[in-house]
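# Secondary and tertiary structure notes
Below, each chain spelled out in residue letters.
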Amino acid sequence: MSDDLYDEFILDHYESPYHRGHLAAPTAVHEDENPLCGDHVQIELLVDADDRVQEAWFDGHGCAISQAAASILVHEVEGKTLAELREFQARDMLDLLRVRLTASRQKCGLLSFKILKTLIYGLDERRQQSQAPAD
Amino acid sequence: MTIPLNPETCGVDFSPERAAAALERRFDVECIRRDFPILHKPLPNGKPLVYLDNAATTQKPRQVIGKIVECYENYNANVHRGIHALGDRVTTELESAREKVRAFIGAGDIEEIIFTAGTTASINLVAVGWGRRFLTTGDELLVNEAEHHANLVPWQQAAQATGARLKFIPLAANGTLDLTALDELLTPRTKLVALSGMSNVTGAVNPVREVAVRAKARGALVLVDAAQSAAHGGIDVRNAGIDFLAFSGHKLFGPTGVGVLYGRRELLAEMEPMQFGGNMIRRVRRESSDFADPPARFEAGTLPIVEAIGLGAAIDYVTAIGWDAIVAHERALTAQAWGQLSQLPGLKIIGPGAEQRGGIISFTVEGIHPHDMAELLDRCGVAVRAGHHCTMPLHAALHISASTRASFSLYNTSAEVDALCAAIEYARQVFRRG
Ligand SMILES: Cc1ncc(COP(=O)(O)O)c(C=O)c1O
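Attention in this report is confined to the structure presented alongside it. Everything numeric in this text was worked out from a predicted model, so none of it was measured.

### Comments concerning the nonpolar core
Residues and elements named next belong to chain B. Of all hydrophobic cores here, the largest spans 74 residues; its most connected members are Ile 105, Phe 115, Leu 245, Phe 247, Leu 311 and Leu 410. When residues in this core are grouped by element, the largest group, eleven residues, is from helix α11 (residues 305–321). The residue makeup of this core includes at least three contributed by each of domain 1 (35–52 + 322–433) and domain 2 (67–319). When residues no more than four places from it in sequence are discounted, the contact partners of Leu 245 are Ile 105, Val 224, Ala 226, Ile 235, Val 237, Val 260, Leu 261 and Tyr 262.

Below, the structure written as structure tokens:
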């Protein structure tokens with residue numbers, strides 16, 4: 001864990017993000033923002049028939065922490081199954097960032113995590129609905 | 001700097017240095033700094049504090065802190081109630097604070113001064129107490145996108161509740177009011193124009209008097225959000241033709257939790273209270289009640305008594321130094337900051353030139369989000385604010401999501417402006433843009 005919020009890892013992701021952009025036909029899309037500072041992130045997932053994330057992309061604007069976190073997260077989730085991602089916790093996200101966030105910056109660092117959780121929740125809901133017996 | 005100081009010291013407890021400065025009629029920032037204990041406490045990281053977040057809240061001089069302690073230690077009691085020595089004393093102190101506010105804003109009458117919880121509470125009181133009572137379908141409220149949310153959202157709510165319509169004074173490209181079409185925007189249906197005395201983002205000083213004259217010509221009322229302007233210069237509600245004026249104690253070197261609503265006597269007389277209970281009644285029967293006259297009608301429950309008395313002490317403090325001296329000092333700092341900041345690569349200042357603004361400069365720096373900027377400035381001990389500063393429509397109009405704001409006050413120094421610029425350079429280096 002680095003005490004320097006702006007260590008190379010964060011700045012590299014901020015300046016040269018992984019998969020910043022959009023998918024042609026995403027399975028699920030969700031966006032959210034941090035009203036306090038106006039960070040905005042959208043995440044798109046391409047999930048295959050085996051419930052595995054084939055590709056993840058993000059777009060957005062905001063502080064270095066929020067944008068680097070999005071880049072780090074989409075990199076992390078690719079190749080994982082939805083079952084694995086359901087186990088992914090806020091603590092894991094903070095570990096991924098490798099820097100210690102002050103209380104006021106955790107919202108920036110966890111914005112993408114919150115979006116991911118909403119995406120998975122939405123996918124689960126959709127599945128339940130499609131499996132529910134039609135009446 | 002030699003600036004005439006106000007000869008009336010209003011009983012302020014002067015330090016010997018301050019007294020000497022006052023005698024020599026000079027504005028001595030080092031003497032003033034000694035009045036503010038917090039400025040001399042190092043930060044957790046050991047750096048000295050460079051406090052440039054004055055638009056959010058100002059620091060408190062020991063004259064104000066001392067007054068608060070004096071209240072609690074010597075005559076703490078509720079007002080207008082206890083027939084006892086403490087009750088008498090505290091009531092006298094509170095009403096004397098009200099008189100200080102009256103004189104400070106140039107109101108004609110002490111009954112026109114209502115103590116509230118702050119600017120937000122004051123504007124809401126007008127939006128509900130006056131707005132819900134007098135606005136009807138088709139009436140118009142003239143607002144603008146540069147206002148703090150506190151001077152926009154209450155009007156949105158009033159409009160939704162009454163069928164009135166919001167109209168917006170357009171903004172020029174730099175975020176200042178474009179008044180060229182004001183006379184066309186003002187119609188016989190315009191009931192009120194709400195604007196700030198000074199923007200909390202661009203620092204632009206609005207021509208309140210001119211707007212008031214033109215609004216009056218159409219029969220519209222004028223409400224001024226003086227949250228920022230109150231700390232930067234003399235207000236004269238009668239001379240400026242202001243019908244309602246709102247400000248907060250905490251941005252004027254006073255305590256949090258107290259603010260003021262000024263309303264013209266005739267207007268207050270017709271307004272509905274927003275809160276009901278003790279202190280605001282004349283007679284209570286089983287099923288209905290008669291309300292007290294203003295200001296008590298709008299001061300239900302126990303007031304922020306000590307805070308209001310503390311605000312009185314804050315007004316004494318600034319009055320004793322004198323507005324001319326304070327404004328001249330802030331102008332010099334603003335001009336210096338403007339000059340130095342505009343030299344920094346990638347830095348864009350929002351709003352008008354230095355001459356047209358009070359001591360606020362908001363800016364963006366290419367490639368560094370304001371939140372990151374504020375965090376890195378904080379490492380250097382420089383406290384600023386980052387974000388949308390409760391002005392989302394203004395930021396949208398300027399096509400930015402956030403900005404960094406430095407705001408200056410009477411205790412800031414030229415060296416602190418240098419420290420700000422050096423800290424921005426440091427941030428650019430961290431972001432590998434140096
Ligand atoms: C222009 C303006 N209006 C209103 C407010 C709200 O003041 P308060 O939060 O004290 O009610 C502020 C302060 O943030 C302000 O700068």
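### Here we look at the pairing of strand β8 (residues 259–263) of chain B
Residues and elements named next belong to chain B. Judged by how many residues are buried, β8 sits mostly within the fold: five of five residues are covered. Judged by which residues are buried, β8 turns out to be covered on both faces: Gly 259, Leu 261 and Gly 263 on one side and Val 260 and Tyr 262 on the other are all buried. Of the strand pairs in this sheet, strand β2 (residues 113–116) and β8 are connected by four bridges, and their pairing is antiparallel. Within β8, the position partnered with Thr 116 by the bridge is Gly 259.

### Remarks on the side chain of B:Glu416
Residues and elements named next belong to chain B. Inspection of the secondary structure puts Glu 416 in helix α15 (residues 414–430). Within the structure, Glu 416 has its side chain in polar contact with the backbone nitrogen of Thr 413 (distance 2.9 Å). Residues in contact with Glu 416, not counting those within four places in the same chain, are Arg 33, Leu 49, Val 50, Tyr 51, Leu 52 and Tyr 411.

### Details of the pattern of salt bridges
Counted according to the given criterion, the structure contains 38 salt bridges over all chains. Residues B:Arg265 and B:Asp109 are paired through a salt bridge, measuring 2.7 Å at the closest nitrogen-oxygen approach. Here B:Arg265, found in helix α10 (residues 265–270), pairs with B:Asp109, found in the loop between α4 (85–105) and β2; they are 156 residues apart in sequence, far enough to count as distant. Exposure remark for B:Arg265: the relative accessible area of 43% places this residue in the partly exposed category. In this structure, B:Glu111 and B:Arg265 form a salt bridge, with 3.1 Å as the shortest nitrogen-oxygen distance. Highlighted residues: B:Glu111 in the loop between α4 and β2 and B:Arg265 in helix α10, separated in sequence by 154 residues. Since its relative accessible area comes to 34%, B:Glu111 is described here as partly exposed. Connected via shared salt-bridge partners are A:Glu8, A:Asp12, A:Glu15 and B:Arg432.

### Side note on unusual backbone geometry
For the bond from B:Pro294 to B:Pro295, the omega torsion is 5 degrees, close enough to zero to count as cis. Mapped onto the secondary structure, B:Pro295 falls in the loop between β10 (289–291) and α11. Of note, A:Arg98 is a non-glycine position whose phi angle comes to about 65 degrees, a positive value. The partly exposed category is assigned to A:Arg98, whose relative accessible area is 47%. Non-glycine residue B:His389 carries a positive phi angle of around 55 degrees. Assessed through its relative accessible area of 0%, B:His389 is described here as buried.

### Section: the interface of chain B and chain A
At the interface, 15 residues of chain B touch 21 residues of chain A. Summing both partners gives a buried area of about 1,400 Å² for chain B against chain A, and 46% of it is carried by carbon and sulfur. For chain B, the biggest contributors to the area lost against chain A are B:His371, B:Glu375 and B:Arg432; these three give 37% of the whole. Where chain B touches chain A, the interface holds six salt bridges. Two residues, B:Glu375 and A:Arg105, come together in a salt bridge whose shortest N-O distance is 2.3 Å.

Analysis parameters
Residues numbered from 1 in each chain as written. Chains lettered and ligands numbered in written order. Predicted model: local features only at pLDDT ≥ 70, side-chain atom pairs only at ≥ 80, totals over all residues. Heavy atoms only, no water. Core = buried A, V, L, I, M, F, W, Y, C linked by side-chain atoms within 4.5 Å. Buried < 20%, exposed > 50% of the residue type's maximum accessible area, 1.4 Å probe, protein only. Helix = DSSP H or I, 4+ residues; strand = E, 2+ residues; numbered from the N terminus. Domains from an automatic or database assignment. Contact = heavy atoms within 4.5 Å. Pairing = 2+ DSSP bridges. Polar contact = N/O pair within 3.5 Å; in protein donor to acceptor, adjacent residues only side chain to side chain. Salt bridge = Lys/Arg side-chain N within 4 Å of Asp/Glu carboxyl O. Buried area = accessible area lost by both parts, 1.4 Å probe.

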